[in-house]
Amino acid sequence: MIQLTRYKKNFEQNGITQADQEKLLNSRVIVMGAGGLGSGVIMNLAALGVGQIKIIDGDIVEESNLNRQIIHKYKNIGRAKVISAKDWVQEFNPDIRVELDKIKINELNYFNIIQGYDIIIDCFDSYESKYMLNEIIIRHKKILIHGAAQGFYGQVTTIIPDKTGCLECVMQKPKQIKEAMYASLSPVVNTIAALQAQEALKIITGAGTPLLNKLLVFDGTTSEFKMLNYAKNPACPACQINNKY
Ligand SMILES: [Zn+2]
């Protein structure tokens, strides 16, 4: 039986009950990517008390990551990001079970990785991976919390297949994805990451209103948020993926 003392401030006056906290402690979330967004998402999930976090990333920590990827310590340069992130979580909150896989997911290897998890948080830094993940969650009816950040800009939305539009409904997939370097500033990327973790909190507990069919866009240059409504596009190829088989 886990002591709830460290979570008391989660539910004392925030419309979140002790039963909700137990839901958090019994929940399982996958974080796809332990870079900039992944750092902030994992740290916030660990603070909230999300009981099981699975971290997927194929990279190692490099010195140039440390301007924004704040879960990784200087001493972990050269180590796998998944190990470095797990170390942080275990030191911060030993209640949390961490699973990890040092792997770059693709169409052939993802199936076993997502088994047993219903909530997937997109912390990838490439649109190629983001569009692939969007198709995976539609195919397997998982909830996707999308986030993206570049420079001073970022965005967040939550996608529930059959209920909301998807990433391709919001942003048509280009024939060829030009990958820029998706580096970002720490305050921006961690703002978006905190909002993604907040979406997970809402989905798991039912508190508040998640960003369904709403894309929240952040402009760090003016510190302004904009809410863009979207809907399922009847012509979206990704949304129709299950009809193809
Ligand atoms: Zn769609």
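From a predicted model like this one, the values you see are computed outputs, not experimental measurements. (Residues numbered from 1 in each chain as written. Predicted model: local features only at pLDDT ≥ 70, side-chain atom pairs only at ≥ 80, totals over all residues. Heavy atoms only, no water.)

Some remarks on the environment of Glu-224
By the element assignment, Glu-224 lies in strand β8 (residues 224–229). Counting along the chain gives 211 residues from Glu-224 to Gln-13, while the straight-line C-alpha distance between them is 28 Å. If near-sequence neighbours (up to four positions away) are discounted, Glu-224 is found in contact with Val-217, Phe-218 and Asp-219. (Helix = DSSP H or I, 4+ residues; strand = E, 2+ residues; numbered from the N terminus. Contact = heavy atoms within 4.5 Å.)

Brief notes about the coordination of the zinc ion
Donor atoms from the polypeptide that bind the zinc ion are Cys-166 (SG), Cys-169 (SG), Cys-236 (SG) and Cys-239 (SG), placed at 2.2 to 2.3 Å. Classification of the site at the zinc ion rests on its four donor atoms, whose angles at the metal span 101 to 119 degrees, yielding the label tetrahedral. Positions of the donor residues of the zinc ion along the chain correspond to the pattern C-x2-C-x66-C-x2-C. Remark: Cys-239 occurs in the segment after β8 and Cys-169 occurs in helix α7 (residues 167–170); sequence separation between them is 70 residues. Take Cys-169 and Cys-239: they sit in the same class, and that class is buried. (Donors = N, O, S within 2.8 Å, 3.2 Å for Na, K, Ca; no water. Tetrahedral: all angles 85-135°; square planar, octahedral: opposite > 155°, others 65-115°. Buried < 20%, exposed > 50% of the residue type's maximum accessible area, 1.4 Å probe, protein only.)

Considering the side chain of Gln-69
Among the structural elements, Gln-69 can be located in the loop between β2 (52–56) and α4 (81–92). According to the relative accessible area criterion, Gln-69 is buried, its value standing at 3%. Among the polar contacts listed, one links the side chain of Gln-69 to the side chain of Lys-81, at a separation of 3.1 Å. Apart from residues lying up to four places away in sequence, Gln-69 is in contact with Ala-34, Gly-35, Gly-36, Ser-39 and Lys-81. (Polar contact = N/O pair within 3.5 Å; in protein donor to acceptor, adjacent residues only side chain to side chain.)

Let's talk about the sheet that holds β2
Across the sheet, eight strands lie side by side as β3-β2-β1-β4-β5-β6-β7-β8; this open sheet has mixed pairing. One side of each edge strand has no neighbouring strand; the edge strands of this open sheet are β3 (97–101) and β8. On average, each strand axis in the sheet is tilted by 15 degrees relative to the strand beside it, whichever way the strands run. Where β2 meets β3, five bridges bridge the pair, whose relative direction is parallel. Considered in β3, the bridge of Lys-54 is made with Glu-99. Of the strands in this sheet, β1 (28–32), β2, β4 (119–122) and β5 (143–150) touch helix α3 (residues 36–48), which is tilted by about 165 degrees from β1. (Pairing = 2+ DSSP bridges. Axes fitted to C-alpha atoms, helices over the stretch in contact; angles between N-to-C directions.)

Some points on the pattern of salt bridges
A complete count under the given rule lists 12 salt bridges for this structure. Between Glu-12 and Lys-8 there is a salt bridge, with its nearest N and O atoms 3.7 Å apart. For Lys-8, a relative accessible area of 39% translates into the label partly exposed. The closest approach of N and O atoms between Glu-107 and Arg-139, which form a salt bridge, is 3.4 Å. Of the two residues, Glu-107 sits in the loop between β3 and α5 (110–114) while Arg-139 sits in helix α6 (residues 127–140), which places them 32 residues apart along the sequence. By relative accessible area, which is 37% here, Glu-107 ends up partly exposed. Residues joined in a network through salt bridges with shared partners are Glu-107, Glu-135, Arg-139 and Lys-173. (Salt bridge = Lys/Arg side-chain N within 4 Å of Asp/Glu carboxyl O.)

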